[in-house]
Amino acid sequence: MKKLKEAIALLVLLALFSPVAIAEDASKINTDAKSDISASKDWEFSLAPMYLRAVSIDGDQTVKGNKVDLDVSFSDIWDNLNGALTFHFEGVHKQRWGFLTDLNYIVLNPEESTPAGDIEIDFTEILFELAGFYRITRGAHAIDGLGGLRYSSMDVDLDLPGPLSDVDQRKDWVDPYFGLLWQWKIAEKWGTRLRGDIGGFGIGSDLTWNLVGLVDFKPWKHVGLFGGYRALYQDYSTGSGNKRFSFDATMQGPILGLNITW
(Lines give C-alpha, C1' and ligand atoms only; values in the text may rest on other atoms or scores of the structure.)
Protein backbone atom coordinates (compact mmCIF):
# COMPACT_ATOMS: atom_id res chain seq x y z
CA MET A 1 0.00 0.00 0.00
CA LYS A 2 2.90 2.36 0.80
CA LYS A 3 4.46 1.77 -2.64
CA LEU A 4 1.10 2.33 -4.32
CA LYS A 5 0.68 5.66 -2.53
CA GLU A 6 4.22 6.71 -3.49
CA ALA A 7 3.65 5.86 -7.15
CA ILE A 8 0.31 7.69 -7.25
CA ALA A 9 1.89 10.71 -5.54
CA LEU A 10 4.64 10.86 -8.18
CA LEU A 11 2.10 10.83 -11.00
CA VAL A 12 0.01 13.50 -9.31
CA LEU A 13 3.09 15.73 -8.91
CA LEU A 14 3.91 15.25 -12.58
CA ALA A 15 0.33 16.10 -13.56
CA LEU A 16 0.36 19.23 -11.39
CA PHE A 17 3.84 20.46 -12.31
CA SER A 18 3.61 20.12 -16.09
CA PRO A 19 0.69 22.56 -16.66
CA VAL A 20 2.39 25.12 -14.37
CA ALA A 21 5.62 24.93 -16.38
CA ILE A 22 3.64 25.24 -19.60
CA ALA A 23 1.75 28.31 -18.38
CA GLU A 24 4.98 30.04 -17.30
CA ASP A 25 6.87 29.37 -20.50
CA ALA A 26 4.22 29.47 -23.23
CA SER A 27 3.86 33.25 -23.07
CA LYS A 28 7.59 33.69 -23.79
CA ILE A 29 7.84 31.52 -26.90
CA ASN A 30 6.46 32.22 -30.37
CA THR A 31 6.02 29.50 -32.95
CA ASP A 32 8.83 29.76 -35.50
CA ALA A 33 9.18 28.53 -39.08
CA LYS A 34 10.57 25.19 -37.99
CA SER A 35 7.56 24.38 -35.83
CA ASP A 36 5.26 25.41 -38.69
CA ILE A 37 7.00 22.95 -40.99
CA SER A 38 6.88 20.24 -38.33
CA ALA A 39 3.17 20.77 -37.70
CA SER A 40 2.42 20.51 -41.43
CA LYS A 41 3.79 16.96 -41.62
CA ASP A 42 1.25 14.19 -41.31
CA TRP A 43 3.55 11.74 -39.51
CA GLU A 44 6.80 12.07 -37.60
CA PHE A 45 8.77 9.01 -36.44
CA SER A 46 11.69 8.34 -34.12
CA LEU A 47 13.74 5.21 -33.56
CA ALA A 48 16.26 4.43 -30.82
CA PRO A 49 17.98 1.18 -31.88
CA MET A 50 19.97 -0.79 -29.31
CA TYR A 51 20.09 1.86 -26.59
CA LEU A 52 22.16 1.04 -23.53
CA ARG A 53 20.30 0.28 -20.30
CA ALA A 54 22.50 -0.60 -17.31
CA VAL A 55 20.20 -2.53 -14.96
CA SER A 56 20.37 -3.12 -11.24
CA ILE A 57 17.77 -5.20 -9.37
CA ASP A 58 16.64 -4.71 -5.79
CA GLY A 59 13.97 -7.03 -4.37
CA ASP A 60 13.19 -10.72 -4.12
CA GLN A 61 12.21 -13.62 -6.39
CA THR A 62 10.35 -16.87 -5.63
CA VAL A 63 10.73 -19.84 -7.99
CA LYS A 64 8.72 -22.99 -7.23
CA GLY A 65 8.46 -21.94 -3.60
CA ASN A 66 12.19 -21.12 -3.23
CA LYS A 67 12.65 -17.48 -2.28
CA VAL A 68 15.90 -15.66 -2.98
CA ASP A 69 16.97 -12.06 -2.57
CA LEU A 70 17.93 -10.15 -5.70
CA ASP A 71 20.62 -7.57 -5.10
CA VAL A 72 22.41 -6.84 -8.37
CA SER A 73 24.04 -3.41 -8.61
CA PHE A 74 24.68 -1.90 -12.04
CA SER A 75 28.31 -1.35 -11.00
CA ASP A 76 28.66 -5.14 -11.41
CA ILE A 77 26.49 -5.29 -14.52
CA TRP A 78 29.28 -6.33 -16.89
CA ASP A 79 30.02 -9.35 -14.68
CA ASN A 80 26.37 -10.43 -14.65
CA LEU A 81 25.16 -9.44 -18.12
CA ASN A 82 25.06 -12.25 -20.68
CA GLY A 83 22.87 -10.66 -23.33
CA ALA A 84 20.68 -7.67 -24.12
CA LEU A 85 18.49 -6.31 -26.90
CA THR A 86 16.64 -3.00 -26.80
CA PHE A 87 14.80 -0.62 -29.09
CA HIS A 88 12.23 2.17 -28.89
CA PHE A 89 10.03 3.33 -31.77
CA GLU A 90 7.26 5.90 -31.85
CA GLY A 91 5.20 7.92 -34.27
CA VAL A 92 2.91 10.93 -33.96
CA HIS A 93 0.28 12.20 -36.40
CA LYS A 94 0.14 15.99 -36.78
CA GLN A 95 1.56 16.36 -33.27
CA ARG A 96 -1.68 15.03 -31.75
CA TRP A 97 -2.29 11.28 -31.81
CA GLY A 98 0.55 8.83 -31.64
CA PHE A 99 1.87 5.44 -30.61
CA LEU A 100 5.02 4.00 -29.06
CA THR A 101 6.56 0.57 -28.72
CA ASP A 102 9.53 -0.49 -26.62
CA LEU A 103 11.46 -3.77 -26.23
CA ASN A 104 13.87 -4.81 -23.49
CA TYR A 105 15.47 -8.27 -23.54
CA ILE A 106 18.02 -8.97 -20.83
CA VAL A 107 19.92 -12.02 -19.54
CA LEU A 108 21.64 -11.82 -16.15
CA ASN A 109 23.61 -14.38 -14.12
CA PRO A 110 23.93 -13.01 -10.58
CA GLU A 111 24.81 -15.01 -7.46
CA GLU A 112 23.40 -14.90 -3.94
CA SER A 113 25.42 -15.95 -0.90
CA THR A 114 23.52 -17.95 1.76
CA PRO A 115 24.62 -19.90 4.89
CA ALA A 116 24.12 -23.12 2.88
CA GLY A 117 26.26 -21.89 0.00
CA ASP A 118 26.06 -19.73 -3.12
CA ILE A 119 22.96 -19.77 -5.32
CA GLU A 120 23.57 -19.17 -9.02
CA ILE A 121 20.69 -17.45 -10.78
CA ASP A 122 19.98 -17.47 -14.52
CA PHE A 123 17.56 -14.59 -15.02
CA THR A 124 16.00 -13.85 -18.42
CA GLU A 125 13.35 -11.18 -18.90
CA ILE A 126 11.51 -9.80 -21.91
CA LEU A 127 9.61 -6.53 -21.56
CA PHE A 128 7.54 -5.37 -24.52
CA GLU A 129 5.12 -2.49 -24.43
CA LEU A 130 2.70 -0.93 -26.86
CA ALA A 131 0.88 2.29 -26.07
CA GLY A 132 -1.13 5.08 -27.62
CA PHE A 133 -1.09 8.72 -26.60
CA TYR A 134 -2.75 12.08 -27.15
CA ARG A 135 -0.53 15.16 -27.15
CA ILE A 136 -1.24 18.70 -25.99
CA THR A 137 1.36 21.27 -27.06
CA ARG A 138 1.92 24.73 -25.63
CA GLY A 139 4.98 26.61 -26.86
CA ALA A 140 8.10 24.64 -25.97
CA HIS A 141 6.17 22.16 -23.85
CA ALA A 142 4.14 19.06 -24.69
CA ILE A 143 2.19 16.65 -22.50
CA ASP A 144 1.25 13.16 -23.69
CA GLY A 145 -1.52 11.22 -21.99
CA LEU A 146 -0.46 7.56 -22.26
CA GLY A 147 -2.39 4.31 -22.15
CA GLY A 148 -1.11 0.88 -23.09
CA LEU A 149 -0.05 -2.66 -22.28
CA ARG A 150 3.28 -4.02 -21.00
CA TYR A 151 4.06 -7.71 -21.62
CA SER A 152 6.51 -9.42 -19.26
CA SER A 153 8.10 -12.82 -19.77
CA MET A 154 10.40 -14.06 -17.03
CA ASP A 155 12.44 -17.28 -17.03
CA VAL A 156 14.42 -17.98 -13.85
CA ASP A 157 16.73 -20.94 -13.11
CA LEU A 158 18.14 -21.41 -9.59
CA ASP A 159 21.25 -23.54 -9.14
CA LEU A 160 20.86 -24.43 -5.46
CA PRO A 161 23.83 -25.46 -3.26
CA GLY A 162 24.58 -28.94 -1.94
CA PRO A 163 22.25 -31.84 -2.59
CA LEU A 164 19.32 -29.56 -3.44
CA SER A 165 18.07 -29.88 -7.00
CA ASP A 166 18.02 -27.06 -9.50
CA VAL A 167 14.67 -25.40 -10.06
CA ASP A 168 13.45 -23.31 -12.95
CA GLN A 169 10.17 -21.64 -13.79
CA ARG A 170 8.82 -19.34 -16.49
CA LYS A 171 5.86 -16.99 -16.31
CA ASP A 172 4.26 -14.52 -18.70
CA TRP A 173 1.81 -11.75 -17.86
CA VAL A 174 0.39 -8.50 -19.26
CA ASP A 175 -0.08 -5.26 -17.34
CA PRO A 176 -2.35 -2.43 -18.47
CA TYR A 177 -1.04 1.01 -17.53
CA PHE A 178 -1.69 4.72 -17.91
CA GLY A 179 0.51 7.75 -17.35
CA LEU A 180 1.94 11.05 -18.54
CA LEU A 181 4.95 12.14 -20.58
CA TRP A 182 6.13 15.74 -20.29
CA GLN A 183 8.54 17.11 -22.90
CA TRP A 184 10.29 20.48 -22.75
CA LYS A 185 12.41 21.91 -25.57
CA ILE A 186 14.89 23.94 -23.53
CA ALA A 187 16.88 25.26 -26.50
CA GLU A 188 17.28 24.61 -30.22
CA LYS A 189 19.37 21.47 -29.67
CA TRP A 190 18.48 20.60 -26.09
CA GLY A 191 15.40 19.11 -24.49
CA THR A 192 14.21 17.02 -21.60
CA ARG A 193 11.58 14.31 -21.08
CA LEU A 194 9.94 13.08 -17.89
CA ARG A 195 7.58 10.09 -17.92
CA GLY A 196 5.60 8.35 -15.20
CA ASP A 197 3.05 5.54 -15.46
CA ILE A 198 1.28 3.13 -13.13
CA GLY A 199 -0.52 -0.13 -13.82
CA GLY A 200 -1.14 -3.77 -13.08
CA PHE A 201 -4.24 -3.29 -10.93
CA GLY A 202 -4.32 -7.03 -10.17
CA ILE A 203 -4.90 -7.94 -13.83
CA GLY A 204 -1.25 -8.91 -14.24
CA SER A 205 0.93 -7.48 -11.51
CA ASP A 206 -0.64 -6.37 -8.27
CA LEU A 207 1.22 -3.11 -8.88
CA THR A 208 3.74 -1.82 -11.38
CA TRP A 209 5.12 1.67 -11.87
CA ASN A 210 7.64 3.13 -14.27
CA LEU A 211 9.61 6.39 -14.08
CA VAL A 212 11.91 7.73 -16.81
CA GLY A 213 13.90 10.97 -16.92
CA LEU A 214 15.92 11.86 -20.05
CA VAL A 215 17.98 14.71 -21.47
CA ASP A 216 18.08 15.06 -25.27
CA PHE A 217 20.84 16.60 -27.38
CA LYS A 218 20.26 16.90 -31.14
CA PRO A 219 23.34 18.25 -32.94
CA TRP A 220 22.17 17.01 -36.35
CA LYS A 221 18.91 17.34 -38.22
CA HIS A 222 17.82 13.69 -38.03
CA VAL A 223 20.12 12.25 -35.37
CA GLY A 224 20.32 13.00 -31.67
CA LEU A 225 21.61 11.57 -28.40
CA PHE A 226 19.81 10.98 -25.12
CA GLY A 227 20.77 9.96 -21.62
CA GLY A 228 19.03 9.60 -18.31
CA TYR A 229 17.63 7.14 -15.79
CA ARG A 230 14.80 4.60 -15.64
CA ALA A 231 13.22 2.74 -12.73
CA LEU A 232 10.61 -0.01 -13.21
CA TYR A 233 8.90 -1.70 -10.26
CA GLN A 234 6.88 -4.93 -10.60
CA ASP A 235 5.00 -6.87 -7.93
CA TYR A 236 3.72 -10.07 -9.54
CA SER A 237 2.87 -13.40 -7.92
CA THR A 238 0.96 -16.56 -8.77
CA GLY A 239 0.50 -20.08 -7.38
CA SER A 240 1.22 -21.41 -3.90
CA GLY A 241 3.49 -23.91 -2.16
CA ASN A 242 6.11 -25.50 -4.42
CA LYS A 243 4.37 -23.97 -7.45
CA ARG A 244 4.58 -20.39 -6.24
CA PHE A 245 6.24 -17.83 -8.50
CA SER A 246 6.74 -14.21 -7.55
CA PHE A 247 8.80 -11.19 -8.50
CA ASP A 248 8.74 -8.17 -6.19
CA ALA A 249 11.59 -5.91 -7.24
CA THR A 250 12.73 -2.67 -8.83
CA MET A 251 14.91 -2.71 -11.95
CA GLN A 252 16.70 0.60 -12.37
CA GLY A 253 19.73 2.21 -13.92
CA PRO A 254 21.09 4.76 -16.40
CA ILE A 255 20.07 4.88 -20.07
CA LEU A 256 22.14 6.10 -23.01
CA GLY A 257 21.28 5.93 -26.68
CA LEU A 258 21.01 7.30 -30.20
CA ASN A 259 17.72 8.65 -31.56
CA ILE A 260 16.95 8.81 -35.30
CA THR A 261 14.05 11.00 -36.45
CA TRP A 262 12.31 11.50 -39.80
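Residues numbered from 1 in each chain as written. Predicted model: local features only at pLDDT ≥ 70, side-chain atom pairs only at ≥ 80, totals over all residues. Heavy atoms only, no water.

Peer 1: Would you mind going over the overall build of the protein with me for this structure?
Peer 2: Summing up its helical and strand segments, the protein has three helices and 14 strands in all. Looking at the 262 residues of the protein, the share that counts as buried comes to 42%. Partitioning the intrachain contacts of the protein with sequence separation of at least 6 by distance along the chain shows that 63% fall at a separation of at least 24. Accessible surface for the protein amounts to roughly 13,600 Å². Of this, 60% is attributable to carbon and sulfur atoms. (Helix = DSSP H or I, 4+ residues; strand = E, 2+ residues; numbered from the N terminus. Buried < 20%, exposed > 50% of the residue type's maximum accessible area, 1.4 Å probe, protein only. Contact = heavy atoms within 4.5 Å. Areas by Shrake-Rupley, 256 points an atom, 1.4 Å probe, with all protein chains shown as cover.)

Peer 1: Quick question: what am I supposed to make of a negative patch on the surface here?
Peer 2: The grouping of Asp118, Glu120, Asp122, Asp155, Asp159, Asp166 and Asp168 at the surface amounts to a negative patch. Taken together, the elements giving at least two residues each to the negative patch come down to strand 8 (117–138) and strand 9 (141–159). When residues in the negative patch are grouped by element, the largest group, three residues, is from strand 8. (Patch = residues over 30% accessible without salt bridge, like charges linked within 9 Å, V, L, I, M, F, W, Y side chains within 5 Å. Salt bridge = Lys/Arg side-chain N within 4 Å of Asp/Glu carboxyl O. Lys, Arg positive; Asp, Glu negative; His and termini not counted. Charge placed at Lys NZ, Arg CZ, Asp CG, Glu CD.)

Peer 1: Any chance you could explain the environment of Ile136 here in plain terms?
Peer 2: Secondary-structure assignment places Ile136 in strand 8. For the pair Ile136 and Trp182, spaced 46 residues apart in the sequence, the C-alpha separation amounts to 9.8 Å. Beyond its immediate sequence surroundings of up to four residues, Ile136 is in contact with Arg96, His141, Ala142 and Ile143.

Peer 1: Would you mind showing me how to read the pairing of strand 13 (residues 223–238) here?
Peer 2: Consecutive side chains of a regular strand alternate in pointing toward one face of the sheet and then the other. Bridge count for strand 12 (residues 207–217) against strand 13 is eleven bridges, and the pairing is antiparallel. Bridge pairing in strand 13 places Leu207 opposite Asp235. Hairpin remark: strand 12 followed by strand 13, antiparallel, with five residues in the connecting loop. In the sheet, strand 13 pairs with strand 14 (residues 245–261) via 16 bridges, with the strands oriented antiparallel. By the bridge assignment, Arg230 is partnered in strand 14 with Gly253. Between the end of strand 13 and the start of strand 14, which pair antiparallel, lie six residues, with Gly239 showing a positive phi angle near 80 degrees. (Pairing = 2+ DSSP bridges.)

Peer 1: Would you take a moment to explain the pattern of salt bridges for this structure?
Peer 2: When the charged atoms of two side chains with opposite charge come close together, those side chains can pair. Per the stated rule, a full pass over the model turns up nine salt bridges. The partner of Asp144 in a salt bridge is Arg135, with the nearest N and O atoms 2.8 Å apart. Comparing Asp144 with Arg135 shows no difference in burial state: the two are buried.

Peer 1: Sorry, what's going on with the side chain of Arg150 here?
Peer 2: Within the secondary structure layout, Arg150 lies in strand 9. You can call Arg150 buried: its relative accessible area is 1%.

Peer 1: Just checking my understanding: could you explain unusual backbone geometry for this structure?
Peer 2: Trans peptide bonds make up most of the peptide bonds, and negative phi angles are found at most residues other than glycine. One non-glycine residue, Gln95, lies in positive phi territory at about 55 degrees. In this fold, Gln95 is placed in the loop between strand 5 (81–93) and strand 6 (97–108). You will see that Phe201, though not glycine, has its phi angle at about 55 degrees, which is positive. Looking at the secondary structure, you find Phe201 in the loop between strand 11 (190–199) and strand 12. Under the relative-accessibility criterion, Phe201 is labelled partly exposed at 46%.

Peer 1: Mind showing me how you'd approach the side chain of Thr62 here?
Peer 2: By secondary structure assignment, the location of Thr62 is in strand 3 (residues 56–63). Judged by its relative accessible area of 6%, Thr62 is buried. With sequence-adjacent residues up to four places away left out, Thr62 is seen in contact with Lys67, Arg244, Phe245 and Ser246.

Peer 1: Looking at this structure, how should I read the packing of aromatic side chains?
Peer 2: The geometry of an aromatic ring pair comes down to the distance between the two centres and the angle between the two planes. In total, this model carries 15 aromatic pairs according to the counting rule given. An aromatic cluster of at least three residues, connected via ring pairs, comprises Trp43, Phe45, Phe89, Phe99 and Trp262. Against the face of Tyr177 rests Arg150, its NZ or CZ located 4.6 Å from the ring centre. Positioned over the ring face of Phe226 is Arg193, at 5.7 Å from the centre of the ring. (Phe/Tyr/Trp six-rings, centres within 6.5 Å; stacked < 30°, edge-to-face > 60°. Lys NZ or Arg CZ within 6 Å of the ring centre and 35° of its normal.)

Read these as spatial facts, not as claims about activity.
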